[in-house]
Amino acid sequence: MGEEAAARSQSLLAKYTGMAVAAMIVKETSEGWVPVGEENFYAIVNKDESLCLLVLCDGDGYVKAMSNTMPCRVAESLAAKMEKDGIGRFLGRLTLPL
């Protein structure tokens, strides 16, 4: 189930960025490891002062898909399109793959 959720998120993110990679498929909870959630929220991750990543995560902040690095202004423009299309911004702490 987690692989399918990550694949759907990867496909959705690629519609905005042109290319995306699947990231996490499971998350750690008090009950152990479970699949990542079905819901999609976007976030912008600053790599440095001028480059960012655009990611999709579940409601707990586990990143399911991520873009290549891009200028932050481009990431912000794409994020605005995602917001307009009904994808909410994740404001909590992200869990990124290592």
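Before any of the text, the structure's been laid out above.
In this report, we go over the structure that sits alongside the text. (Residues numbered from 1 in each chain as written. Predicted model: local features only at pLDDT ≥ 70, side-chain atom pairs only at ≥ 80, totals over all residues. Heavy atoms only, no water.)

Description of the packing of aromatic side chains
We count it as follows: Ring pairs are drawn from Phe, Tyr and Trp, using the six-membered ring of Trp, whenever the two centres fall within 6.5 Å, and their geometry is named by plane angle: stacked under 30 degrees, edge-to-face over 60, tilted for the rest. Put simply, DSSP H or I for four residues or longer makes a helix, DSSP E for two residues or longer makes a strand, and each gets a number counted from the N terminus. Buried residues are those whose accessible area, probed at 1.4 Å on protein chains only, stays under 20% of the maximum for their type, while exposed residues exceed 50% and partly exposed ones sit between those limits.
Enumeration according to the criterion identifies 1 aromatic pair in this entry. Each ring, one from Phe41 and one from Phe90, has its centre 6.4 Å from the other, and the planes form 55°; the classification is tilted. Separated by 49 residues along the polypeptide, Phe41 in strand 4 (residues 41-46) and Phe90 in the segment after strand 8 (88-89) bring together distant segments of the chain. Among the residues examined, Phe90 registers a relative accessible area of 14% and is labelled buried.

Quick look at the pattern of salt bridges
Note the threshold: Note on definitions: salt bridges are taken to be side-chain nitrogens of Lys or Arg within 4 Å of carboxyl oxygens of Asp or Glu.
One pass over the structure, following the stated rule, counts 3 salt bridges. Of the charged contacts, one joins Arg8 and Glu38 as a salt bridge, the two residues approaching to 2.5 Å between their closest N and O atoms. In this pair, Arg8 is assigned in helix 1 (residues 2-17) and Glu38 in the loop between strand 3 (32-35) and strand 4, connecting sequence segments 30 residues apart. Glu38 gets classed as partly exposed once you look at its relative accessible area, which sits at 48%. Shared partners join several salt bridges into a network, and the residues in it are Lys27, Asp58 and Asp60.

Focus: the state of the cysteines
The test is simple: Note that a disulfide, as used here, is simply two cysteine sulfur atoms within 2.5 Å.
Evaluated as defined, the whole model comprises 1 disulfide. The side chain of Cys52 participates in a disulfide bridge whose partner is Cys72; the two sulfur atoms lie 2.1 Å from each other. Measuring handedness by torsion sign, the sulfur bridge of Cys52 and Cys72 sits at about 90° and is right-handed. One end of the pair, Cys52, is in strand 5 (residues 51-57); the other, Cys72, is in helix 2 (residues 72-84), with 20 residues separating them in the sequence. Comparing Cys52 with Cys72, the two get one shared label, buried. Here Cys57 is not cross-linked by a disulfide; its sulfur's nearest cysteine counterpart is in Cys52, at 15 Å. For Cys57, a relative accessible area of 0% translates into the label buried.

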